[in-house]
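Each chain is listed here by its residues.
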Amino acid sequence: MLDAIGGMAGALGTASLHLLDLNSLFYIFLGTCIGLLFGAIPGLGGTTALALMIPLTFGMEEADAILMMGGSMAAATTGGSTSAILLNTPGTAPNAATTFDGFPLAVRGRAGEAIGAAATSSALGGLIGIFTLILVIPIVKEIVLLFSPPEFFLLAIFGLCAIAVAAGGRLLQGLIGAAIGFACAFVGFDPVSGVVRYTYGVDALWDGIKLVPALIGMFAIAQMIDLGVKGGSIAEDVTRVKIQRISDGIRATFRNFGTVVTGSAIGTFVGAIPGVGGTVAAFLSYTTQVQRDPNPDIPYGQGNIRGVIAPEAANNATDGGALVPTLAFGIPGSAETAVFLGAMVLHGLEPGPRLLFDHEDVVFTLILSLTTACVMATVIVLLLAKPMTYLTLVDAPILVPTVLIISLVGAYVINGEIVDVIVALAFGVLGYLMIRFNYPRMTFTIALVLGEITERSFFQAMGISDGDWTIFFTRTVALILVVMCILTLLVPSIRAVMERRTAVKSGAHPGGTT
Amino acid sequence: MNGASLPTSARLGIVLFCGACAAFAGMWLTGLHETALVAPAVVGWAAALAASRPLVPEQRRQALHFSFVLAAFFIFFLHETYEYQGSVRAFPLMVGWIGIVLTGIEILALTKTRAGRILAAIFGVQPAEIAAGERPVRREVACIAAIAAAGPLVWLFGFLGAAPVFVFLWMWLWGGKPVRFALYSGVAVVVFIWLLFEFALSYELYRGLVAEWVIELMDE
């Protein structure tokens, strides 16, 4: 054990020395800027940034390449939060949950505060995720192996149970939104039999409705239709816009440090499970926060700062978590780490258990680059927050066509398919109708994200157990998840009953002074 | 208002809607669904819409219409789902039927009846209540149509052709901006898109059908 710690310390020292070099800092800065830019432009995202960076790193030393790519990976979701807050357009899919409270804050003229909170919680979440990565490297194998299809299914069900809470008093409309989301998630290949469903002869839909064009439509285009109909600007009352409140957001993050820690823990944990990713983590973190805070000062969905902090801490913490299976087993935890894994192989590094023994310095170089980029990205976003906030004051006739065209280009460039433009527009109209008729778009999005995982892992679990349903109750982790699902559904009712009892009691014994 | 004082049209609406649901359930149980689903579903849907309209307050009518659109979507989704077999349709069937039941409950919850109030309280329904003239439907339809027009425009002329035209027309016609400002803005947007996506990021943007035809003609 002491040898292992000594080895880790040595590797950490080597990596730190490498980081002190001006060249290394430049590569991290470059990666961070590219990550921020790609994160902020809807449709591009961190995966695209990494994929485009691979050819740029061919001629570089492996450590420099890792520094640059690590910087980009850490910064993309931080960049995505700014467009989520200012334009209700998640820059990357994991930023979708940030729009629920971030955009209402911008509408109230508190965009600076929201950006400050998002950037600070992103940095803290990212750092917590990375330190967790360092701590769990020795025991990672046991943790990841605890998850198999029954647990994946129940994890998805847990996310769906959160819908009941996330609907915020609109349970029925939330559930209808979720049903529509599921219906959309079934488009394309059936994950079990391979049969193609609901594609109506459109080959591009065989892989299903792509998440990013759908999210661009549901949030960016829907919002632009709404703005086009209403006119004015994003900030409803221009005179109330406070550009000076960035520091309020930073302070709010430290005041709600518990939310940061919970979000980061969820993000790291979910990130470590291959194939689940930052989007699920951010939604889980958001809904957990809504549950933990039954009597918020400002209702969630209407501009509660904790609704920004929770998902932003989680989606940045997934970076550290997702690297656990990537580095330890060579199993990518997310699309981003899958591209990163490819880049590592190109540079002659074979991810897997041997990497931790033979190239410990590389692992720590990556960890340090992520750490530095987390802080660097936050500083850059905070410095640029003020000018960015002015976006909320731009006149609708200027903003609507500009954002619409850039969003459509963003929807197209991910896969280079014109059908994604049509998908984005169609979801834009659906999203607008949902805004118009008071249906929560959050539940739709959760179902769209979890639909495929739910169906696939259910049939895989049934296949493993030869159709025996008890597989969901006889495994420890599965049982814990079942209990969590039940609690999630029951907690609001129990809380309501307890509150009623308290009210009755206080009515029976009204203080004694009157 | 209590259940006993419901007007005849209210009872008729509820009966028709429940009848349509029962017909669905019956067809599902007896296996007649695959071909027999559409006609009674459409008749039941239209009858329920007509019968439930008088029960719903004026400011909730638009929400009612949207609920019926959603019901139609779930009926269509179910109809399509029955085309598949076995595990392929297991999950979608469940979602489709749940969707139908939920929209049915929502429609009932929108009515100003005792049953509606009870359902709204149990299921937490907060319908959009839109007063007449609050949001002119004509303006909404025009806005959606204008934004949707970006699709065919891009399809025909590609991003670099469609972007300046769309931005110019929107700013000038919809936003009432001066012609010169709209023109410069259109050019600025297309230059930004080209610089960022094609020049800096080396993406090849979609050129559009017209450009493809022109290139084909030139090749010939």
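Rules of the game
Residues numbered from 1 in each chain as written. Chains lettered and ligands numbered in written order. Predicted model: local features only at pLDDT ≥ 70, side-chain atom pairs only at ≥ 80, totals over all residues. Helix = DSSP H or I, 4+ residues; strand = E, 2+ residues; numbered from the N terminus. Buried ≥ 20, exposed ≤ 12 C-beta atoms within 10 Å, placed from the backbone. Contact = placed C-beta atoms within 7 Å. pLDDT = per-residue confidence, 0-100. Axes fitted to C-alpha atoms, helices over the stretch in contact; angles between N-to-C directions. Parallel < 35°, antiparallel > 145°, perpendicular 65-115°, else oblique. Left-handed = near helix turned anticlockwise from the far one by under 90°. Nonpolar A, V, L, I, M, F, W, Y, C, P; charged D, E, K, R; others polar. Core = buried A, V, L, I, M, F, W, Y, C linked by C-beta atoms within 7 Å. Domains from an automatic or database assignment.

Visitor: Describe the overall build of chain B, listing the residues and the values that go with them.
Guide: Tallying secondary structure elements over chain B gives 10 helices and 0 strands in all. In chain B, the succession of α and β elements from N to C terminus is α-α-α-α-α-α-α-α-α-α. Considering chain B as a whole, with its 220 residues, one finds that 34% of them fall into the buried category. Considering only contacts in chain B between residues 6 or more positions apart, those separated by 24 or more positions represent 63%.

Visitor: How would you explain the confidence of the model for chain A if you had to name every residue and give the values?
Guide: All names here are of chain A. Looking at chain A as a whole, the pLDDT averages 79, with 80% of positions reaching at least 70. Put simply, helix α7 (residues 140–145) is where chain A has its lowest mean pLDDT, 63, and helix α19 (residues 419–436) is where it has its highest, 92. Below a pLDDT of 50 lies the segment residues 508–514, which in the model reaches 0 contacts outside its immediate sequence neighbourhood of four places, other chains included.

Visitor: Go over the packing of helix α10 (residues 211–230) of chain A against helix α7 (residues 137–148) of chain B with me, naming the residues and quoting the values.
Guide: Look at α10(A) against α7(B): their axes get within 9 Å of each other, and the N-to-C directions meet at 135 degrees. It follows from the interaxial angle that α10(A) and α7(B) lie oblique. For the crossing formed where α10(A) meets α7(B), the hand is right-handed. In this structure, α10(A) uses Ile221(A), Met224(A), Ile225(A), Gly228(A) and Val229(A) to contact α7(B), whose residues at the interface are Arg139(B), Glu140(B), Cys143(B), Ile144(B) and Ile147(B). When its residues are assigned to classes, the contact of α10(A) with α7(B) shows 7 nonpolar, 1 polar and 2 charged.

Visitor: Can you explain the interface of chain A and chain B? Please cite residues and give values.
Guide: With 48 residues of chain A at the interface, the matching set in chain B holds 52 residues. Of all the secondary-structure elements, those providing two or more residues to the side of chain A that touches chain B are α9 (171–185), α10, α18 (396–413), α19 and α20 (441–464) of chain A. Counting residues per element, the side of chain A that touches chain B draws most heavily on α18(A), at 12 residues. In terms of residue class, the side of chain A that touches chain B is made up of 36 nonpolar, 7 polar and 5 charged.

Visitor: I'd like a rundown of unusual backbone geometry, residues and numbers included.
Guide: Residues and elements named next belong to chain A. Positive phi, normally seen in glycine, also occurs at Tyr198, with a value near 50 degrees. Looking at where Tyr198 falls in the secondary structure, it is placed in the loop between β2 (196–197) and α10. Residue Tyr198 is classed as partly exposed on the basis of its C-beta count, with 19 C-beta atoms lying within 10 Å.

Visitor: Please give an account of the environment of Thr287(A) that cites residues and values.
Guide: Residue and element names in this part refer to chain A. Mapped onto the elements of the fold, Thr287 is located in helix α13 (residues 277–292). Thr287 gets classed as buried once you count the C-beta atoms within 10 Å, which come to 28. When the C-alpha positions of Thr287 and Cys161 are compared, they lie 9.6 Å apart, and in sequence the two are 126 residues distant.

Visitor: Summarise the nonpolar core; cite the residues concerned and give the values.
Guide: Among the nonpolar cores identified, the biggest contains 209 residues, and Ile85(A), Ile221(A), Leu408(A) and Ala163(B) are the most heavily contacted of them. The element that contributes the greatest number of residues to this core is helix α4 (residues 62–87) of chain A, accounting for 14 residues. Among the domains, domain 1 (3–123) and domain 2 (137–219) of chain B are the pair contributing at least three residues each to this core. Excluding residues within four positions of it along the chain, Ile221(A) makes contact with Ile216(A), Leu404(A), Ser407(A), Ala424(A), Leu425(A), Gly428(A), Gly431(A) and Ile147(B).

Visitor: Quick one: what's the story with the environment of Leu102(B), residue by residue and with numbers?
Guide: Counting through the fold element by element, Leu102(B) comes out in helix α5 (residues 87–110). Considered as a pair, Leu102(B) and Ser67(B) are 35 residues apart in the sequence and their alpha carbons are 9.8 Å apart. In contact with Leu102(B), other than residues within four places in its own chain, are Leu172(A), Leu175(A), Ile176(A) and Ala179(A).

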